[in-house]
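Spelled out from the first residue to the last, the chains are:
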Amino acid sequence: MLQRRRRTVSMPNLEPGERVLARASGPDGEVSATNRRLIWPDGSIHWYEIERASWDGDAAHLLVTPVATSEHAGPYRLVLNEPTRLVDVVREQVTASVVITRHVPLSGEHGVQVTGRRRADGSLVWNAVVDAALDLDDPQLRTRLDAAITTVRSEIE
């Protein structure tokens, strides 16, 4: 049986063990999806830091929105000449990073969205985003918030 050898793509500045999964070119340069992050000419973001990524075919750009608790200033609009397989790989990697996500009501239907995302090293990063209608200065609410986060984390850890 004949087997095809995969072409290995190399890039400068990859982390040890990082592999390129897909690439696409754009007017500002190449955009690459690796097993750990999305890389473009002016920056990069790890999969666990991305809340969502969507392709706008009419505008020919990939819109990448970081999680609310990220230090990234996004959203990022990455213009691509042709999306190729890159868009599918981005979607797959972002989805695969999410281990658990739960919205836990704290006051009526308002509550907290707790999400656990897996880093490349296997550890989990936890994000908790509280609905805007809630008052975080309320000590009773803070107690319920801490309990909600602990409950969701206990489902995984």
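Data block above holds the structure.
Residues numbered from 1 in each chain as written. Predicted model: local features only at pLDDT ≥ 70, side-chain atom pairs only at ≥ 80, totals over all residues. Heavy atoms only, no water.

## Focus: the pairing of strand S10 (residues 124-130)
(1) Moving on: Looking at chain direction, strand S9 (residues 110-118) and S10 are connected through seven bridges and run antiparallel. Note on S10: the bridge partner recorded for glutamine 113 is valine 129. (Pairing = 2+ DSSP bridges. Helix = DSSP H or I, 4+ residues; strand = E, 2+ residues; numbered from the N terminus.)

## Observations concerning the pairing of strand S6 (residues 61-66)
Side-chain positions along a regular strand alternate between the two faces of the sheet.
(1) Moving on: Where strand S5 (residues 50-56) lies against S6, six bridges are found, and the strand directions are antiparallel. Within the sheet, the bridge partner assigned to aspartate 56 lies in S6 and is histidine 61.
(2) Moving on: Two successive antiparallel strands, S5 and S6, enclose a turn made up of four residues, where alanine 60 displays a positive phi of approximately 55 degrees.
(3) Moving on: Note that S6 and strand S7 (residues 76-79) share four bridges and pair antiparallel. Directly across from leucine 62, in S7, lies its bridge partner leucine 78.

## Some remarks on helix H2 (residues 139-154)
(1) Moving on: Here H2 contains 16 residues, and its C-alpha end-to-end distance of 23 Å stays within 8% of the 22 Å for a straight helix at 1.5 Å per residue.
(2) Moving on: Restricting attention to buried positions, one finds in H2 the residues Leu141, Leu145, Ala148 and Val152. Down the axis, H2 shows its buried residues gathered within 65 degrees of arc, on one side only. Exposed side of H2, more than 90 degrees from the buried face: Pro139, Gln140, Thr143 and Thr150 are the residues found there.
(3) Moving on: Contact partners of the buried residues in H2: strand S8 (98-107), S9 and S10. (Expected span 1.5 Å × (residues − 1). Buried < 20%, exposed > 50% of the residue type's maximum accessible area, 1.4 Å probe, protein only. Arc of directions from axis to C-beta. Contact = heavy atoms within 4.5 Å.)

## Quick notes on helix H1 (residues 86-97)
(1) Moving on: With twelve residues, H1 ought to run about 16 Å at 1.5 Å a step, and its terminal C-alpha atoms sit 17 Å apart, in line with that.
(2) Moving on: Taken residue by residue, H1 has Leu86, Val87, Val89, Val90, Gln93, Val94 and Ser97 as its buried positions. Buried residues along H1 cover an arc of 160 degrees about the axis, so they all sit on one side. When the buried face of H1 is taken as reference, the exposed residues oriented beyond 90 degrees from it are Thr95 and Ala96.

## What to know about unusual backbone geometry
(1) Moving on: Backbone geometry places alanine 60, a non-glycine residue, at a positive phi of 55 degrees.
(2) Moving on: Structurally, alanine 60 is set in the loop between S5 and S6.
(3) Moving on: On the basis of relative accessibility, which here comes to 23%, the residue alanine 60 falls in the partly exposed class.
(4) Moving on: At threonine 84, a residue that is not glycine, the phi angle is positive and equals roughly 45 degrees.
(5) Moving on: Classification of threonine 84 by relative accessible area gives partly exposed; the value is 48%.

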